[in-house]
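Structural overview for review
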Amino acid sequence: MGDPKAFLNNPRRLRERRAVPDRIRDWAEVYRERALLPIISGQAARCMDCGVPFCHDACPLGNLIPEWNTLVSAEDWRSASARLHATNNFPEFTGRLCPAPCESACVLAIDSEAVTIKNIELAIADRAWESGFEQPQPPERLSGRTVAVVGSGPAGLAAAQQLTRAGHTTTVYERADRIGGLLRYGIPDFRLEKHRLDRRIDQMRTEGTRFRTGIAVGSELRADELRSRYDALVLAVGATVCRELPVPGRELAGIHQAMEYLPQANRAVAGDGSPAISAEGRRVVIVGGGDTAADCLGTALRQQAAEVSQLDINPCPPERRAEGQPWPVHPKVYRVTTSHEEARELAGARDPRRFAATTVRFEGDGQGRVRAVRLAEAELGTRRPRPGTEQAIEAELVLLALGFAGPEPGSGLVEQLGLGLDGAGNFARDGGYATGVDGVFVAGDAGRGQSLIVWAIAEGRSAAAAVDRYLTGSTELLAPVSPADRPLTA
Ligand SMILES: Cc1cc2nc3c(=O)[nH]c(=O)nc-3n(C[C@H](O)[C@H](O)[C@H](O)COP(=O)(O)OP(=O)(O)OC[C@H]3O[C@@H](n4cnc5c(N)ncnc54)[C@H](O)[C@@H]3O)c2cc1C
Ligand code: SF4
């Protein structure tokens, strides 16, 4: 513990964001570069090292939070980096993108304000890269075993890095033209600048991981052939089937899935030309209430949409933990993302969200294009439209961000490998990440269903440990989660 009274004397302070009018004019990250450094040691000192670190348990990676808090409060950045990277392959991603269930479980949060764990993690991660602490770790000797990882999101990358470092010759197959999964083509640059991803991929290449892009396994390359070429296969193909909104008018032009819209916007930022779907000058309605919807909002604002509204079928959550969501669970509370902050500031403090709003139908302009969204208040519980509450919002662009149903049924992987599916349509696996097919393992959203980056990394690490044991009979790799583990929510 840095300072036994720091939690009493130092208030919680967060990273500063750039001013809204500046940041919506570009795609750079919304936070001020290096803004954490002057405050972070004092923030780390707020950790009470409370003896039973619930924060550590709430983190799927089992990050050693009190340990690195003490090291940061003493400004021992090298040791802090070593402790952080011992449990997390990619803290520069989680430090920016994780919803931080650890902070909900911080003992200080029982009756005060949690330690800014996520910001401390980020400060260590960025400092490690700047100071050269985060060096490639090629294996001392090769095992002579080969592994193919299919999919290059956080689960596939974490599995590949662990397996390469353990000495197995590992190749990542990705159907997109660039590596990164949703870190690349889902999450916009204003939340994760892509040079951070490229830097990590370069490190992995230096360690020995090989990457093959533009290959859809199951169609362009048969999965059973791939299995026969390698000693083991890890499927980390994500849960990419978008949920639909089957209401009248869905076929109208101008209505798109969020994952048709966001990848094009991200590609445009990467220099691949103008996006075919743009919000510029349009009135936009986003249907959905999660991270994907917030990313559509921030993207539409930067593309200079004329107006943006968001429809969330759930009632507005409370500002603070409600009864039934006691500490240390990660509660459902009213959150203002950076995108919502931007929309509110541009609209004179009006929140772009309408809560308890259900979409009844889409209306066309007579030329086959969407003109308006017809919505109604959703009844509590049934979510059915409350009679007499219908109204319309004009819209030339509608984005559906309703979540993801599971891995794609038509990819060929299931048939070619003979995989089973679980009750939710995800790839079935046992407690050791193994499918029923010899040498084939599943990690990340493809097995767990739509989840979070921190879970994907934890699953990638754990699946790598299972593969290592399968190939060599034992393993020293850490396995922080089992497929049956679930987040601490009420
Ligand atoms: C817009 C958006 C924003 C999000 N924001 C956050 C956030 O802020 N914080 C957070 O924690 N989580 C967030 N998430 C969720 C998070 O991104 C996912 O849980 C995580 O990326 C899952 O990792 P994964 O490796 O399992 O799969 P993915 O990241 O989906 O990667 C799967 C990869 O497999 C590839 N693939 C699929 N099929 C094949 C095939 N047949 N052959 C070869 N390659 C294939 C895909 O192209 C993709 O690159 C967000 C999700 C979205 C969509
Ligand atoms: S990865 Fe997420 S849950 Fe774990 S310590 Fe970092 S912010 Fe907290």
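This text gives an overview of the structure that appears in the document. (Residues numbered from 1 in each chain as written. Chains lettered and ligands numbered in written order. Predicted model: local features only at pLDDT ≥ 70, side-chain atom pairs only at ≥ 80, totals over all residues. Heavy atoms only, no water.)

1. Some words on the overall build of the protein chain
A tally of regular secondary structure across the protein chain gives 19 helices and 13 strands. A globule of 490 residues ought to have a C-alpha radius of gyration of about 23 Å, and the protein chain, at 23 Å, matches this closely. By principal-axis analysis of the C-alpha atoms, the protein chain measures approximately 65 × 60 × 45 Å. Within the protein chain, counting contacts between residues at least 6 apart in sequence, those at least 24 apart form 68% of the total. When the accessible area of the protein chain is evaluated, it comes to approximately 20900 Å², of which 49% is carbon and sulfur surface. Between the mean site of the 59 positive side-chain charges and the mean site of the 63 negative ones, the protein chain shows a separation of 1 Å. (Helix = DSSP H or I, 4+ residues; strand = E, 2+ residues; numbered from the N terminus. Rg over C-alpha atoms; globule rule 2.2 N^0.38 Å. Contact = heavy atoms within 4.5 Å. Areas by Shrake-Rupley, 256 points an atom, 1.4 Å probe, with all protein chains shown as cover. Lys, Arg positive; Asp, Glu negative; His and termini not counted. Charge placed at Lys NZ, Arg CZ, Asp CG, Glu CD.)

2. Quick word on the site of ligand 2
The full set of residues close to ligand 2 is Cys-59, Asn-63, Ile-65, Thr-94, Cys-98, Ala-100, Pro-101, Cys-102, Ile-117, Lys-118, Glu-121 and Val-454. Broken down by secondary-structure element, the contributors of at least two residues to the shell around ligand 2 are helix H8 (101-104) and helix H9 (117-131). When residues of the shell around ligand 2 are assigned to their parent elements, the largest contribution, three residues, is made by H9. Class assignment for the residues of the shell around ligand 2 results in eight nonpolar, two polar and two charged. (Near = heavy atom within 4 Å. Nonpolar A, V, L, I, M, F, W, Y, C, P; charged D, E, K, R; others polar.)

3. With respect to the site of ligand 1
Near ligand 1 you find 33 residues, and of these Leu-97, Glu-174, Arg-191, Val-217 and Asp-445 are the closest. One of the backbone N or O atoms of Leu-97 is found 2.8 Å from a nitrogen atom in ligand 1. In the complex, the protein chains occlude 96% of the 1000 Å² of accessible area that ligand 1 would expose alone. Mapped by element, the contributors of at least two residues to the shell around ligand 1 are helix H10 (154-165), helix H15 (291-302) and helix H19 (453-472). For the shell around ligand 1, the element with the highest residue contribution is H15, accounting for three residues. Across the shell around ligand 1, the residue classes break down as 18 nonpolar, nine polar and six charged. (Polar contact = N/O pair within 3.5 Å; in protein donor to acceptor, adjacent residues only side chain to side chain.)

4. As for the pairing of strand E1 (residues 146-150)
The buried count for E1 comes to four of five residues, which makes it a mostly enclosed element. Note that E1 and strand E2 (residues 169-173) share five bridges and pair parallel. Its bridge partner being in E2, Ala-148 is matched across the sheet by Thr-171. (Buried < 20%, exposed > 50% of the residue type's maximum accessible area, 1.4 Å probe, protein only. Pairing = 2+ DSSP bridges.)

5. Some words on the sheet that holds strand E9 (residues 357-364)
A sheet is described by the order of its strands in space; here three strands give the open sequence E9-E10-E11, paired in antiparallel fashion. This sheet does not close on itself; its edge strands, each paired only once, are E9 and strand E11 (391-394). Each strand of the sheet is rotated relative to its neighbour by a mean of 30°, with strand direction disregarded. Both E9 and strand E10 (residues 370-377) contribute to a ladder of seven bridges, which runs antiparallel. By the bridge assignment for E10, Glu-363 is matched with Ala-372. (Axes fitted to C-alpha atoms, helices over the stretch in contact; angles between N-to-C directions.)

6. Digging into the packing of aromatic side chains
For the structure shown, the criterion picks out six aromatic pairs. Measuring from centroid to centroid gives 6.1 Å for Tyr-173 and Tyr-230, while their planes differ by 85°, and the two rings are edge-to-face. Linking Tyr-173 in strand E2 with Tyr-230 in the loop between helix H13 (223-229) and strand E4 (232-235), this pair joins segments that are 57 residues apart in sequence. Measuring from ring centre to ring centre gives 5.6 Å for Phe-441 and Tyr-470, while their planes differ by 70°; the resulting arrangement is edge-to-face. One end of the pair, Phe-441, is in strand E13 (residues 440-442); the other, Tyr-470, is in helix H19, with 29 residues separating them in the sequence. Taking the relative accessible area as the measure of exposure, Tyr-470 reaches 34% and is therefore partly exposed. Against the face of Tyr-31 rests Arg-15, its NZ or CZ located 3.8 Å from the ring centre. (Phe/Tyr/Trp six-rings, centres within 6.5 Å; stacked < 30°, edge-to-face > 60°. Lys NZ or Arg CZ within 6 Å of the ring centre and 35° of its normal.)

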